[in-house]
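Listed below, chain by chain, are the residues.
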Amino acid sequence: MQEIAVEEPSYWRLFPAKGEVFEEKAEVGSHTITFETGKLARFASGAVVVGVKNTHVLTTVVGATKLEEGKGFMPLQVDYREKQYAQGRIPNTFMRREGAPKERELLVGRIIDRSIRNLFPKGYYYESQVMSNVLCVDGEQDPDVLAACAASAALMVSDIPWNGPVGVVRIGRVEGKFVVNPDMDELALSDLNLVYAGSLEKTIMMETQAREISNNDFKLALKLAHAEAVKLIPPQIRLASKVQNQKRSFYPFTVDSDVLEKIRAKAEIAIDTVMGNPSYGKFERGKALANIQNDIEAILKEEGEEKCLKFLPVAFDQVRKEVVIKNIFEKGQRVDGRGLDEVRDLHTEINLFAPLHGSSLFSRGNTQVLCTVTLGAPEDAQKLDSLVGAPKKSFMLHYSFPPYCINEVGKSFGLNRREVGHGTLAEKALVALLPPENDFPYSVRVTSEVMASDGSSSMATVCGGSLALMDAGVPLRSHVAGVSVGLVSKVDEETGKITDYKILTDILGLEDHVGDMDFKIAGTRVGITAIQLDIKPSGIPLDILCEALEPARIGREHILDAMERTIEKPNTEEKENAPHRGYISVERDYLGKLIGPAGSTVKNIERTTGVRISISAEGRVCVLAKDKASYVQAMEMVDSILGKEIEVGNIYTGCVTAIKDYGAFVETEGGSSGLVHISELSHHKVASVRDAVMIGQKLNVMCIGRDAKGNLKFSLKAAMPSTSSVQVKCGESASTAEVGSVTANAARSVAEWGNAAPGAAKTTIGSFPVETITKSERDVLVYKFPEKRKNTSGASNKANDVVGERQEHNGSQKLHDVECERTSKPGSVSQTKGIRAEAEYELERSLRPTSVSQPKGVTTEAENELKPGNVMSNKTIEPQVVIDVEYEAIVYKVKALGAILKLRNGELGKLFFDEGITSSTFQCGDQVLVKCTKIDQTGRPVFILVDSSKQMQT
C-alpha cells in the first residue's frame, strides 16, 4: 500500500497564542528601517511590518492554490489603506469610518503593484492579493515606500513563488544636495521626488516629480537611488531564511514549442505582410490580423489540432510580437513606417469653445485628447484627507479614458486606477511650471478627455493641458510636453541578459504591447518635470534607461516647437466669461466687521453677487467673480462694509427692509441702512408708504444727509430721472392728442392732460389757466378709485352700483370743465396737485348716470374716497376677487412703481412693476391678463402679470 506524504507544519507557527517573532534591520541614508514578521497576521501566507521610527506599515500576501481555467494573465490585486486611527483621529464622515479608497491610496497601490508584479515567475497565473495597512504614523516619513518594501519582504517570507526581493527608496534634492528617504519637511523643500524600485542589478519601477531637473542630474539621482535600494535586499533575504517557508510548486501556463512552431509556420508570412505595410491604420491592422487568426483557426479545425486551437490566441500573439521586433532589428522599420526616433504628425488647436476658460485639442498621430481649464476660487481647492502631506491642493488634473476612444463598449465606474495614475502623472508634469500660490491664488482644474487612443494618451494630456492653460491665461513659465519612449530587446535565454536592444521614440499602442517598457518622460526645454516607468520583463539595466533620456529630450523639443507655433505665451486677452479676482489687505481689527456674525456679512455678499470670497488669517481678502460686473459689485460692497462712507449726493442701490408709517428703511448693497421718509418717496404727497414701496423691492436712492443721531437719510424722489413733458389741452379732440385717444378711456384722457411740464405754455381747465404737469409727477401719484361699495351712509344702492362706470353717448365721451381754487402761488407743484386731483374727481362724477341722485347732504362712500382729501385712504374695503384666480383687467392708471388695474366688475387693484415690466410697458386702457396673489392691508387686491404675450392693446 502506497503511503501518503504528510507535510510538516512550519515551526514558527507552532505557538498560535504568541508565535515566534523575527526581525531584521537596514541602514538606508540617515534612517534605520526595521523588518518584523511572526507577531501579526500569522494566518496569511506572508505578513511583514516595516517601520522607521514611529511610522509602521503592515503588509500581507495571500495566494490561491488552484489555477482558474482561462486565466491568461497574472491576477494580482493590491490594496493600500490609510486609516485615521494611525494618527489618532476619528474619521470625519457620517458613519465615522473610512469609505472607498482615496486617490492617494490608489496611487500608492499602483507603486506597490508595479514594484512586484514583474517578478512573479513566467506563467504563474494564480490569483494573489497584497494588502498594506498603515498602523501608525509620526508625520515625518511617507509610508508609501515602507509599504512597497513590506510587500517585497512579505512575498519573500511566504510560500508564494516570487523572484525577489526588491528595494524601494525615495530620493530628494534640497539646495543641490541629494537626500535619501527625506522626511516630509525636507520633501517640501526638495526640487526632486524620485521613488525608485530595483533589484540587485536592474531597475523595476520609477516614479518621479521634479522641477525641471536636467538629464545629467537625473542620471546621478538614479545611480544613487539604485545604490541605496540594494541595501534593503540582504535584510529581506536573511528574514526569509529565518522563517524557512518552503515555496509551493505550481504548473506554469506555457505554450509547447511544437504548438508554437505549427502556428508560426502558418501565420508568420501573413502577419509580416500586414506589419510591414505602413498604410494600415490601427483598426485596419487589427481587422486584418483578426482575419488571419480566424483563417488559421479554420485550418486547425480541419486538421483536428485541438491542442493548437487551445493555445492559438497566445501563440498567435507571440508570433506577432516576434515579427514586429524582427522588422525593427533587421529593417529598422516600425509598423507605421516611421524611423526609430521619429515623432508622429502633430496637430494643435486652442480656444475651441468660447464659454470655457481655456480649451485645447492635441493630436499626435491617431491619439487625440481634448483638454479644458476651469479657474475657481481658493476654496475650490481639493481637500486631502491623507496621513501625511499637504491638506489640500489647488491644481487638479482629471484624466478620462472612455470606452469609445478605442471603439469598445464598456461601463463607467467610479475611480479607476489607470485613470487616476495617468492624471496624476500629467498633473505632476504641469504643476512645476505654475506660479506661486501668492501670485496666482486661483484653484485650477484641468480635464483631459481622451477622444482617441493609439498610445501615449497620458503624454498627450500633458501637451494638451499646457496648451489649455496658456489659452486660459494661466501664467505658465513655459510649455510642458511629454513623450513616451519604448524598448525592444533580444535576451539570452540561458543568462537572461539583454544582448541587443533598440530604443523607440513616441511608441504606438501596439509597440507598447509587444515592447519591454513604456518610459513616459515629460518636461520643458530646461529639464524633466515628471517620469513614470512601466516594464514587462523582470528588470531593465539602469544604463539603458539613462540612454533613453536623450531621445526623449529630442522628441520633447520637437513637440514644444509645434505647441509654441500655436501659442507661445499665456493669453493676455481678457475673455468675456473669464473670472475676475482682486485682493485687499484688511487689518485684523476689521476682519470681524467684514465676516459678520457667523459669517453672515460675507455670505450675504456672496449670495447677492455670486462671487467667492476667501479670507486668510493674515487679513488677505481675495474676491473671485465669474465676470467683471459681479466683481465690481462685490468690491463696492466690501469697501462699504470696511468703512467707505456713504457720500451725500451719491445714488446707491438698496433693498427695502422695513416699512413704517413715517417711511421705509433701505439697506444698500454695502450694508448701510437708512430711512426714506414718506415725504421723500415722491415729488407728490403719498398717503401710505405701502402704496409706494414694498418690502424686498430694490430702489435707487440718493443720500441727502444724516439726522441728529448720525443715521443716514435717503431720498427716492431725488434719485428719480427727469423726463420730458407732453402738453395736451383738456378739451382736445382725439385726433390731436399726442399720447393717445381720449375716447379710449376717460381715465386715460386725464393722464394725457397731466402729461405736460411746469412752466410750459398754460392750458385751460374750465375758465382757469393752469401749468401743465410732468409725466414723472403724474406717475408718482397713487389714487384709489373704489368701484362697488356697501352703502354705509344711507344713500341709494343704485348710486353705489354705478360708481366708476362709463357713461357713453353714441360711442363718444365728454370732459367736463373743472373749477379749481388756488391756495398758493401760481406755478407751484402743489397747485397742480390740487388741480389734478379735483379734475379726476370731477371726471369720475361726470361719468355717473344723471338719473341717479342723492338726497341733499348725503354723500356716498365712493364719493368720499374720490375727493382729494381722501386720496390713498387706508379704510379697509371688501374685495370681490379670489387669490390665485386669473382675471382680465384694464390698465386704469400708470404710476412710477406700478399700475392701477380695473376689473370687469369694477374692482380696482395694484400691479407692481419689476425688472421685466416698467411704466413704459403699458398705457392707460390696455387690456391685460393678471392673477391675484394677495390682498393688501387696505383691502386692495395685488396682481401679477400672467403672460406678457397675452397682453391685448385696446
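Residues numbered from 1 in each chain as written. Predicted model: local features only at pLDDT ≥ 70, side-chain atom pairs only at ≥ 80, totals over all residues. Heavy atoms only, no water.

- The protein chain is annotated in an unreviewed UniProt entry as Polyribonucleotide nucleotidyltransferase 2, mitochondrial from Ceratopteris richardii.
- According to the UniProt record, the Sequence similarities (unreviewed entry) comment for the protein chain reads "Belongs to the polyribonucleotide nucleotidyltransferase family."
- In UniProt, the protein chain has this text filed under Subcellular location (unreviewed entry): "Mitochondrion". (UniProt positions renumbered as here; feature names shortened; annotations may be inferred.)

Some remarks on the overall build of the protein chain
Here's step 1: What the protein chain contains, in helices and strands, is 21 helices and 36 strands.
Here's step 2: By residue count, 50% of the 954 residues in the protein chain fall in the buried class.
Here's step 3: Of the roughly 45500 Å² that the protein chain leaves accessible, carbon and sulfur atoms contribute 51%. (Helix = DSSP H or I, 4+ residues; strand = E, 2+ residues; numbered from the N terminus. Buried < 20%, exposed > 50% of the residue type's maximum accessible area, 1.4 Å probe, protein only. Areas by Shrake-Rupley, 256 points an atom, 1.4 Å probe, with all protein chains shown as cover.)

Observations regarding the nonpolar core
Proteins that are soluble and globular tend to have nonpolar side chains buried together.
Here's step 1: Membership of the largest hydrophobic core comes to 128 residues, with the highest contact counts inside it found for I112, L194, F218, M517 and F519.
Here's step 2: Looking at this core element by element, the count peaks at 12 residues for helix α2 (residues 143-157).
Here's step 3: Setting aside residues up to four positions removed in sequence, I112 forms contacts with V78, Y80, V130, S132, A147, A148 and A151.
Here's step 4: Core analysis: the second largest hydrophobic core is formed by 31 residues, I271, V274, L289 and L508 among them. (Core = buried A, V, L, I, M, F, W, Y, C linked by side-chain atoms within 4.5 Å. Contact = heavy atoms within 4.5 Å.)

So, the sheet that holds strand β26 (residues 663-668)
Here's step 1: Read around the barrel, five strands follow the order β25-β26-β27-β29-β28 and close on themselves; strand pairing throughout is mixed. On average, adjacent strands in this sheet sit at an angle of 55 degrees to one another, irrespective of strand direction.
Here's step 2: By the bridge criterion, six bridges tie strand β25 (residues 651-660) to β26 in an arrangement that is antiparallel. For K660, the partnering residue across the bridge sits in β26 and is G663. (Pairing = 2+ DSSP bridges. Axes fitted to C-alpha atoms, helices over the stretch in contact; angles between N-to-C directions.)

Here's the deal with helix α7 (residues 282-303)
Here's step 1: For α7, spanning 22 residues, the distance from its first C-alpha to its last is 32 Å, which sits close to the expected 32 Å at 1.5 Å a residue.
Here's step 2: Regarding α7, the residues found buried are R285, A288, L289, I292, I296 and L300. All buried residues of α7 fall inside an arc of 115 degrees around its axis, so they share one side. Exposed and facing more than 90 degrees away from the buried side of α7 are K287, K301 and E302.
Here's step 3: Here the buried face of α7 lies against α6 (257-275), α8 (306-310), α9 (312-331) and α12 (509-514).
Here's step 4: One or two steps after α7, the chain reaches G304, where phi turns positive at roughly 75 degrees. (Expected span 1.5 Å × (residues − 1). Arc of directions from axis to C-beta.)

Structural notes on the packing of helix α15 (residues 600-609) against helix α16 (residues 628-641)
Angle between the axes and distance between the axes are the two parameters that describe a pair of packed helices.
Here's step 1: With their axes 9 Å apart at the nearest point, α15 and α16 run at an angle of 155 degrees to one another. The orientation of α15 with respect to α16, classified from their angle, is roughly antiparallel. In the packing of α15 onto α16, the handedness of the crossing is right-handed. Contact residues: T601, N604, I605, T608 and T609 in α15; S630, Q633, A634, M637, V638 and I641 in α16.
Here's step 2: Split into classes, the residues belonging to the contact of α15 with α16 amount to five nonpolar, six polar and no charged. (Parallel < 35°, antiparallel > 145°, perpendicular 65-115°, else oblique. Left-handed = near helix turned anticlockwise from the far one by under 90°. Nonpolar A, V, L, I, M, F, W, Y, C, P; charged D, E, K, R; others polar.)

Comments concerning the sheet that holds strand β18 (residues 481-491)
Here's step 1: Read from one edge to the other, the open sheet built from eight strands follows the order β8-β7-β9-β10-β21-β20-β18-β19, with strand pairing classed as antiparallel. For this open sheet the edge positions go to β8 (177-180) and β19 (498-505), each flanked by a neighbour on one side alone. With direction set aside, neighbouring strand axes in the sheet form an average angle of 20 degrees.
Here's step 2: Where strand β10 (residues 203-213) meets strand β21 (residues 528-535), five bridges bridge the pair, whose relative direction is antiparallel. Paired with M206 across the bridge in β21 is L533.
Here's step 3: The sheet strands contacting α2 are β7 (167-174) and β9 (192-198), and the helix crosses β7 at an angle near 160 degrees.

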